[in-house]
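# Geometric and topological summary
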Amino acid sequence: ISAQGSGGFSYPVINEPLITIVVDKEKGSDTSREASELSPLASFDSVFTVLVNKTKGLKGDIPCAVHIKKGHYVLKETVEQTMSSFMPSGSGGPKLHISFIGIDDSVIMDGSSIKRVGGYGLLRICGSNVRVSNLTILNAPSFGLVLGQTFARSKNIIVEQVIVKKSYCHGIRSEEHTSELQSHS
């Protein structure tokens, strides 16, 4: 799916990540500061904190990726990119454009233990030129996947091989209300 204005469809250009971190339920630890292939995180609890720490001192648009190893991840809270994790140093610092990529098709993000109401996404990202792929989003108490926030409109996003099941509201929502969502195979 690509959010586009009026006109023809063009496939979004996704930037190669400058920073990549890894989440692995089986081999990870949530105390990992590296969040690397050799020392991954076990859950999504500190994904944004680790990325903010890894990008300290950088400026401009920083493409990042979260590679997720197979597993059924029962979330304690939503995985939402807020202003503090999109622009951690304010307007003069980096802007983190974060892709979420399942390493295979066996990644499930499950919101069944979250008891929060309101208009939020089980997974919400704010960046542009990013990818969300190879994920199943299950039991979202509100929206499954939300693209963008009022402070950070998301553009040029590839959403592929994403399944949303048992979502209370919409499966996928774009905060760019004036955009058209176009689907292609």
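What counts, and at which threshold
- Residues numbered from 1 in each chain as written.
- Predicted model: local features only at pLDDT ≥ 70, side-chain atom pairs only at ≥ 80, totals over all residues.
- Heavy atoms only, no water.
- Buried < 20%, exposed > 50% of the residue type's maximum accessible area, 1.4 Å probe, protein only.
- Helix = DSSP H or I, 4+ residues; strand = E, 2+ residues; numbered from the N terminus.
- Pairing = 2+ DSSP bridges.
- Salt bridge = Lys/Arg side-chain N within 4 Å of Asp/Glu carboxyl O.
- 1 Å grid on protein atoms, 1.4 Å probe; cavity = no way out; pocket = protein on both sides within 12 Å on 5 of 7 lines; lining within 4 Å.
- Points joined across faces, edges and corners; volume = space filled by probe spheres on them.
- Phe/Tyr/Trp six-rings, centres within 6.5 Å; stacked < 30°, edge-to-face > 60°.

In this section: the pairing of strand β4 (residues 71-74). Only one face of β4 is covered, namely the one carrying Gly71 and Tyr73; the face carrying His72 and Val74 has none of its residues buried. Sheet topology note: the β4/strand β7 (residues 107-110) ladder contains four bridges and is parallel. Bridge assignment links tyrosine 73 to a residue of β7, and that residue is methionine 109.

Below, the discussion takes up the pairing of strand β6 (residues 94-102). Here β6 lies mainly inside the structure; eight of its nine residues are buried. In this sheet, β6 lies alongside strand β3 (residues 60-68) in parallel orientation, the contact comprising nine bridges. Of the residues in β6, the one forming a bridge with alanine 65 is serine 99.

Further remarks concern the pattern of salt bridges. Per the stated rule, a full pass over the model turns up five salt bridges. Across the salt bridge formed by lysine 54 and glutamate 34, the nearest N and O atoms sit 3.6 Å from each other. Separated by 20 residues along the polypeptide, lysine 54 in helix α1 (residues 47-54) and glutamate 34 in the loop between β2 (19-23) and α1 bring together distant segments of the chain. For lysine 54, a relative accessible area of 28% gives the class partly exposed. Residue classification places glutamate 34 among the partly exposed residues on the basis of a relative accessible area of 47%.

Attention shifts here to the layout of surface pockets. By volume, the largest pocket amounts to about 200 Å³. In terms of lining residues, the largest pocket is bounded by Phe44, Asp45, Phe48, Thr49, Val52, Glu77, Thr78, Val79, Glu80, Thr82, Ser84 and Ser85. Listed by contribution, the elements that provide at least two residues to the lining of the largest pocket are α1, β5 (79-80) and α2 (83-86). In terms of residue count, the dominant contributor to the lining of the largest pocket is α1 (three residues).

Here leucine 145 shows up in strand β10 (residues 143-147). In the structure, leucine 145 is positioned 66 residues away from valine 79 in sequence and 9.8 Å away in space, judged by C-alpha atoms.

Turning our attention to the packing of aromatic side chains. Counted according to the given criterion, the structure contains two aromatic pairs. For the ring pair phenylalanine 44 and tyrosine 73, a centre distance of 5.3 Å and an interplane angle of 65° mean the geometry is edge-to-face. You can see phenylalanine 44 sitting in the loop between β2 and α1 and its partner tyrosine 73 sitting in strand β4, a full 29 residues away along the chain. For the pair shown, phenylalanine 44 and tyrosine 73 are each scored as buried. Taking the centre distance of 6.3 Å and the plane angle of 65° together, the rings of phenylalanine 48 and phenylalanine 100 count as edge-to-face. Taken together, the residues phenylalanine 48 in helix α1 and phenylalanine 100 in strand β6 connect sequence positions 52 residues apart. Phenylalanine 100 shares its class with phenylalanine 48; the two are buried.

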